[in-house]
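# Report on the structure
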Amino acid sequence: MADVLVKHESEGRYSAVTSASDLAQRLTTDLFAVCKDHHLSVRPNTGPAFAAGCGSNGETGEDNRNNYGFQKSELLPGNIGYIKFDMFHGSKRAQEVAAAALAFVTDCDALVFDLRENGGGSPQMIRFISSYLFDKPTHLNSFYDRLNNKTSETWTLDSVPGRRFPNDLPVYVLTSSFTGSAAEEFTYNLKNLERATIVGETTVGAAHLVTERVINEQFLLRVPHARAYNPVTKDNWEGVGVRPDIQVSASAALDAACKDAADKIGARRQAQHRQSQDRKGDDKG
């Protein structure tokens, strides 16, 4: 990557650029041509460290006004819970908002997470929301960090505010070609733990954590330093994305999920009815 930048500079390819944003984009494009990592980028230095894209727990007024990414929490026909959120924010306040969204649909018969416009964010929020979907400690993911040559594991939380969802509740994640980073990890984890059905399009393919380096007063560099290492697949989604179980266009994903959910809700209710009848028979015996 360094050789390419030096070569391009010596050829004068950057000489006519006068905009910081244009130069940052050109440098990012040139770096990506060598290292196909969607987290690697050059950015204008516009102030404090970035907030969402790489796991920061920082909070701004804009985050508050955007409800920490949570756009909808509602019940769709058929008692299907639907939660749309467009970022994984890492703050405590964001977790409170997430808990409220989950509580609103706590008695649903199926649950849909809409990540079609979610570009990523904090691993802390992945862990928080995922903890509502498992009734026992569950290993979600691991990360190998080259900065300290260590591997860390992410597990579900011991407790959550409110009620966890039943283990047999049908869960869906909607994806698009925009779904990236932390949103992909959430999707990849649930897919491989067989806890959710993924519906939509193959995701971006950005699995590495990054750290931010200051180049000078005008520019910052986001450099990957850690890779995901899933306990089930022993791999990650870098460069390939997460392939959905039900592959449809992003615009058709919600309808496809609801259709599949209706079938699973019916089967689940029949199973619950049989279990109830069996218990009554045991009581009589």
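Everything numeric here is computed off the predicted structure, so don't read it as measured data. (Residues numbered from 1 in each chain as written. Predicted model: local features only at pLDDT ≥ 70, side-chain atom pairs only at ≥ 80, totals over all residues. Heavy atoms only, no water.)

### Description of the overall build of the protein chain
Of regular secondary structure, the protein chain possesses seven helices and 11 strands. Dimensions along the principal axes, computed over C-alpha positions, put the protein chain at roughly 85 × 35 × 35 Å. Taking the contacts inside the protein chain whose residues are at least 6 apart along the sequence as the reference set, 75% of them involve residues at least 24 apart. Element-wise, carbon and sulfur atoms account for 50% of the exposed surface of the protein chain, whose accessible area totals about 14,600 Å². If the 32 positive side-chain charges of the protein chain are averaged to one point and the 36 negative ones to another, these points end up 3 Å apart. (Helix = DSSP H or I, 4+ residues; strand = E, 2+ residues; numbered from the N terminus. Contact = heavy atoms within 4.5 Å. Areas by Shrake-Rupley, 256 points an atom, 1.4 Å probe, with all protein chains shown as cover. Lys, Arg positive; Asp, Glu negative; His and termini not counted. Charge placed at Lys NZ, Arg CZ, Asp CG, Glu CD.)

### Examining helix α6 (residues 182–192)
Among the 11 residues of α6, nine are classified as buried, and the element is accordingly described as predominantly covered. Residues A182, A183, E184, E185, F186, T187, Y188, N189 and L190 constitute the buried set of α6. Those residues of α6 that are buried are in contact with β4 (110–114), α5 (123–130), β5 (139–145), β7 (171–175) and β8 (197–200). Positive phi appears at E194, one or two residues downstream of α6, with a value of about 55 degrees. (Buried < 20%, exposed > 50% of the residue type's maximum accessible area, 1.4 Å probe, protein only.)

### Structural notes on the environment of L157
On the secondary structure map, L157 appears in the loop between β6 (150–155) and β7. Residues L157 and I129, 28 residues apart in the sequence, show an inter-C-alpha distance of 9.5 Å. Apart from residues lying up to four places away in sequence, L157 is in contact with R127, F128, S131 and R164.

### Looking at the packing of helix α4 (residues 92–104) against α5
Where α4 contacts α5, the two axes come as close as 11 Å, and the packing angle between them is 30 degrees. In this view, α4 runs roughly parallel relative to α5, as classed from their interaxial angle. Two packed elements cross with a definite hand, and for α4 against α5 that hand is right-handed. Taking contact as the criterion, the partners of A94, Q95, A98 and A99 in α4 are, on α5, Q124, M125, F128 and I129. (Axes fitted to C-alpha atoms, helices over the stretch in contact; angles between N-to-C directions. Parallel < 35°, antiparallel > 145°, perpendicular 65-115°, else oblique. Left-handed = near helix turned anticlockwise from the far one by under 90°.)

### So, the confidence of the model for the protein chain
Averaged over the protein chain, the pLDDT score is 90; the fraction of residues at 70 or greater is 92%. Below pLDDT 50 for its whole length, residues 49–57 participates in 24 contacts with residues either more than four positions away or in separate chains. (pLDDT = per-residue confidence, 0-100.)

### Topic: the sheet that holds strand β11 (residues 246–247)
Ordered by their spatial adjacency, six strands build an open sheet running β2-β3-β4-β7-β8-β11, and the pairing between neighbours is mixed. The sheet is open, and its two borders are formed by β2 (70–76) and β11, each paired with just one other strand. Here α4 sits on the sheet in contact with β2, β3 (80–85) and β4, set at roughly 15 degrees to β2. (Pairing = 2+ DSSP bridges.)

### Quick notes on unusual backbone geometry
For N79, which is not a glycine, the phi torsion comes out positive at approximately 60 degrees. Secondary-structure assignment places N79 in the loop between β2 and β3. In the Ramachandran plot, N149 falls in the positive-phi region, its phi being about 55 degrees despite a non-glycine side chain. With relative accessibility at 56%, the residue N149 sits in the exposed group.

### As for the side chain of R268
Examined against the element boundaries, R268 turns out to sit in helix α7 (residues 253–284). Look past the residues within four positions of R268 in its chain and what remains in contact with it is D109, P166, D168, L169 and P170.

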